Amino acid sequence: KYLFITLFYIFLISNLSFGQDLQIAQEYFKAKEYVKAKASFEKLAKNDEQANLIHFNYLETLIKLNEIKDAERFLKKQIKNNKTTSIYHAQLADLYFLQKKEKESKEETMKAKSIAKIDEIETQKLANFYAKNNQLIKASDGESCEFKIASYIKDSLHLFVENNNKEYSFDKIV
């Protein structure tokens, strides 16, 4: 009985600590204090489940600090722990592209698309990722999956286009 109560309190305290650490990291991130945010995110990223919760902000923090190698390591770890998440491959492709590693970038793009081919939700997520990052070319290069991704972009991009006052010819995408 005492063991159960002790374990419960340990669990409760660790969850409270995580919540506080996450809140602190997010506050630093919002304030654009990326060095402090990075230190807080690094602690959280050690736990795989927590890493998924902070993924986008931590990755953006690393990129803002121009810590590309750390961002690459983080993405590779995320991919290892989340093999069916296409966006992580797409992000790694972008990171490789920034480093002028064209071959690796294309390989990761193809991995992202191959994951999206077998899962409808991943297809939608990847389409939204490409749309939000103005990567319509990557979304539609002639294969059936790419056309499916482009279709999702066509169906869901109207708010993105309106909000950014951008004009796209959807006929050229699909």
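These numbers come from a predicted model, not from an experiment.

Details of unusual backbone geometry
One can expect most non-glycine residues to show negative phi and most peptide bonds to be in trans.
Line of reasoning, step 1. Notably, Lys32 is not glycine yet its phi reads approximately 60°, a positive angle.
Line of reasoning, step 2. For Lys32, a relative accessible area of 60% puts it in the exposed group.
Line of reasoning, step 3. You will see that Lys100, though not glycine, has its phi angle at about 60°, which is positive.
Line of reasoning, step 4. Residue classification places Lys100 among the exposed positions, given a relative accessible area of 74%.

Here we look at the environment of Thr109
Line of reasoning, step 1. Structurally, Thr109 is set in helix H6 (residues 102–117).
Line of reasoning, step 2. Along the backbone, Thr109 and Ala90 are 19 residues apart, and their C-alpha atoms lie at a distance of 5.5 Å.
Line of reasoning, step 3. Polar side-chain contacts of Thr109 include one of 2.9 Å to the backbone oxygen of Ser105.

Thoughts on the packing of helix H5 (residues 86–98) against helix H7 (residues 120–132)
Line of reasoning, step 1. Packing of H5 against H7 leaves a shortest axis separation of 9 Å and a crossing angle of 30°. In terms of orientation, H5 and H7 fall into the roughly parallel class. Judged by the sense of rotation from one axis to the other, the crossing of H5 with H7 is right-handed. Every residue of H7 that contacts H5 at Ser86, Ile87, Ala90, Gln91 and Asp94 is listed here: Glu122, Lys125, Leu126, Phe129 and Tyr130.
Line of reasoning, step 2. When the residues that make up the contact of H5 with H7 are grouped by side-chain class, the tally is five nonpolar, two polar and three charged.

About the criteria used
Residues numbered from 1 in each chain as written. Predicted model: local features only at pLDDT ≥ 70, side-chain atom pairs only at ≥ 80, totals over all residues. Heavy atoms only, no water. Buried < 20%, exposed > 50% of the residue type's maximum accessible area, 1.4 Å probe, protein only. Helix = DSSP H or I, 4+ residues; strand = E, 2+ residues; numbered from the N terminus. Polar contact = N/O pair within 3.5 Å; in protein donor to acceptor, adjacent residues only side chain to side chain. Axes fitted to C-alpha atoms, helices over the stretch in contact; angles between N-to-C directions. Parallel < 35°, antiparallel > 145°, perpendicular 65-115°, else oblique. Left-handed = near helix turned anticlockwise from the far one by under 90°. Contact = heavy atoms within 4.5 Å. Nonpolar A, V, L, I, M, F, W, Y, C, P; charged D, E, K, R; others polar.

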